[in-house]
Amino acid sequence: MDERGFVAAQAFILDTKKYWSTAVVSSLKSEYRRRVRSTGHEPQSAADVHSLIGDTTLYRYYAWLERHLQRLKYSGRYGLVPYHRERADALLAPLEQAADDSRLELDPDLVLPKYFAAVDIHQHPGSVWGEPIAGLVYERGARSTTPMMGSRHRDLHQRFTDLVNEGGACKHLLDMGCGFGKSTKPFYESLPEAEIEAIDLATPCLKLACHDAVQAQAQNVRFRQMNAYETDYEAGSFDLVTSTMLLHELPPKEINRLFDEAHRVLAPGGRMVHLDFHLLPDAFAQFLHYGHGRRNNEPFMQPWAEIDVAELLAQKGFRNVSVEPFAEADGVDVTDNPSWRFPWTVIAAEKA
Ligand SMILES: C[S@@+](CC[C@H](N)C(=O)[O-])C[C@H]1O[C@@H](n2cnc3c(N)ncnc32)[C@H](O)[C@@H]1O
């Protein structure tokens, strides 16, 4: 595959995704509002919304574009996976140098949880762990996860880090589900005095995360291959536990275990702060979001959104629990944004 063809095809997919997330979403919203007005009563659930617009050509067009643009992006003729496979040796060579670095600790005996191994998440063939190029593919794909943000896209993790850091200094931080290190990097850069542990299940992502930390000459971070809901850390060893975009990937039972594990590894008074997709302001937002989960191979998006997380954390003995919408860029309306957006939410709590 020639580089020019790949770049042009990916740019086309991204532009079409922007058209989908603005013009198509806005037409769908208008049609929905028109139908609500004509029936005279407000839908109360995603199923109600489906019965109003689920059969329209417009909704089917919207859903088809959502599913198939993502599919083209990963597996099409000029997709991320074939592109990286063709260049695997050259692209992976720099990462292999980081494989022996003391900042990286892989666990060849780790058994992947069933929920994780069963699904090609994000429609990524082989998922984020299945082949050596998977971390690079995920990194490239994540650059256009929120296309409307343009150059402000990078603000997301930095903004979250700033918010967490406003809550006070920390000495020992655990970033659960760090992926290729995008969520960890703003922490190791902004907290040079802190010791940062970042864990994930996926070897290819951890290798890329470590490679980036080596490039950045970061001395305060370690990437370890470990399951977030059964870590080997001592009880009470962290004053801050974070995650970004991890919780919605777990089934409810595993979410429960993850919160228990976070509680166990936190010192008394320690904080836990997660950024994820959770608060859905109305039935229409639920309809779009649950559909997104199905179309993007994220089967636990809906069960996670339906959990009363404030109640759950209070039951587990956390205090000062807050569940708040999060604006991922300037100018975003967290209650009714005209274009498509994830329902970003910050879930924070303290160990009593
Ligand atoms: C959507 S990615 C987010 C990565 C990163 N936090 C970011 O914001 O870019 C979710 C990550 O969680 C990891 N993950 C899923 N289940 C996990 C578990 N039980 N323990 C540790 N990591 C897990 C996946 O491998 C993936 O890298």
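How each quantity is defined
Residues numbered from 1 in each chain as written. Predicted model: local features only at pLDDT ≥ 70, side-chain atom pairs only at ≥ 80, totals over all residues. Helix = DSSP H or I, 4+ residues; strand = E, 2+ residues; numbered from the N terminus. Expected span 1.5 Å × (residues − 1). Buried ≥ 20, exposed ≤ 12 C-beta atoms within 10 Å, placed from the backbone. Contact = placed C-beta atoms within 7 Å. Domains from an automatic or database assignment. Nonpolar A, V, L, I, M, F, W, Y, C, P; charged D, E, K, R; others polar. Arc of directions from axis to C-beta. Axes fitted to C-alpha atoms, helices over the stretch in contact; angles between N-to-C directions. Parallel < 35°, antiparallel > 145°, perpendicular 65-115°, else oblique. Left-handed = near helix turned anticlockwise from the far one by under 90°. Core = buried A, V, L, I, M, F, W, Y, C linked by C-beta atoms within 7 Å. Pairing = 2+ DSSP bridges. Right-handed = clockwise from strand over helix to strand, strands pointing away.

(A) A look at helix H1 (residues 3-39). Between the first and last C-alpha of H1 there are 52 Å, a value that for 37 residues agrees with the 54 Å anticipated at 1.5 Å per step. Among all positions in H1, only Gln10, Ile13, Lys17, Trp20, Ser21, Val24, Leu28 and Tyr32 are buried. The inward-facing, buried residues of H1 abut helix H2 (46-53), helix H3 (57-75) and helix H12 (283-295). Once H1 ends, the next one or two residues include Gly40, with phi positive near 85°.

(B) Representation of the domain arrangement of the protein within the structure. Segmenting the protein into domains produces domain 1 (3-101 + 133-142) and domain 2 (154-351). Using only C-alpha atoms to locate each centre, domain 1 and domain 2 end up separated by 23 Å. Contact with domain 1, which involves 28 residues of that partner, is made by 23 residues of domain 2. Elements with a contribution of two residues or more to the side of domain 1 that touches domain 2: H1, H2, H3, helix H5 (88-98) and helix H7 (134-142). Sort the elements by how many residues they give to the side of domain 1 that touches domain 2 and H7 lands first, with six residues. Residues of the side of domain 1 that touches domain 2, tallied by class, amount to 15 nonpolar, eight polar and five charged.

(C) Examining helix H11 (residues 252-265) more closely. With 14 residues, H11 should cover 20 Å at 1.5 Å per step; its first-to-last C-alpha distance of 20 Å lies within 8% of that length. Buried within H11 are the following residues: Glu254, Ile255, Leu258, Phe259, Ala262 and Val265. For H11, the angular spread of the buried residues around the axis is 145°, confining them to a single face. Buried positions along H11 lie against helix H6 (114-117), strand S2 (172-176), strand S5 (238-244), strand S6 (266-277), helix H13 (301-306) and helix H14 (309-315).

(D) Looking closely at the packing of H3 against H12. Closest axis-to-axis distance for the H3/H12 pair is 10 Å, and the angle between their directions is 40°. Taken together, the axes of H3 and H12 are oblique relative to one another. Once H3 is placed against H12, the crossing between them reads as right-handed. Where H3 abuts H12, its residues Ala63, Glu66 and Arg67 lie against Gly291, His292 and Arg295. Classifying every residue of the contact of H3 with H12 by side-chain character gives one nonpolar, two polar and three charged.

(E) Molecular detail of the nonpolar core. One finds Leu173, Cys205, Ala209, Phe223 and Val241 to be the most contacted residues of the largest nonpolar core, which totals 85 residues. Here this core gets six residues from one element, more than from any other, and that element is helix H10 (residues 203-215). Counting only domains with at least three residues in this core, you end up with domain 1 (3-101 + 133-142) and domain 2 (154-351). Discounting residues that sit within four places of it in the chain, Phe223 has contacts with Arg103, Leu104, Cys178, Ala198, Leu206, Ala209 and Cys210.

(F) Spatial organisation of the packing of H1 against H2. The N-to-C vectors of H1 and H2 enclose an angle of 95°; their axes lie 10 Å apart at closest approach. Classified by the angle their axes make, H1 and H2 are roughly perpendicular. Two secondary-structure elements touch here, H1 through Glu31, Tyr32 and Arg35 and H2 through Val49, Leu52 and Ile53. Here the contact of H1 with H2 is composed, by residue class, of four nonpolar, no polar and two charged.

(G) Quick look at unusual backbone geometry. We note that Ser127 has phi near 60°; this positive angle belongs to a residue other than glycine. Positive phi is not limited to glycine here, since Asn320 has a value of about 50°. Locating Asn320 in the fold gives a position in strand S7 (residues 318-325).

(H) View of the environment of Tyr61. Along the polypeptide, Tyr61 turns up in helix H3. Sequence separation of Tyr61 and Val24 is 37 residues, and the distance between their C-alpha atoms is 8.4 Å.

(I) Examining the pairing of strand S4 (residues 221-225) more closely. Along S4, the buried face is formed by Val221, Phe223 and Gln225; none of Arg222 and Arg224, which line the opposite face, is buried. In this sheet, S4 lies alongside strand S1 (residues 104-105) in parallel orientation, the contact comprising two bridges. Considered in S4, the bridge of Leu104 is made with Phe223. Two strands pair when backbone bridges link them, and strand S3 (residues 195-200) and S4 are joined in this way by five bridges, in the parallel orientation. Considered in S4, the bridge of Asp200 is made with Gln225. For the handedness criterion, the β-α-β arrangement of S3, H10 and S4 is classed as right-handed.

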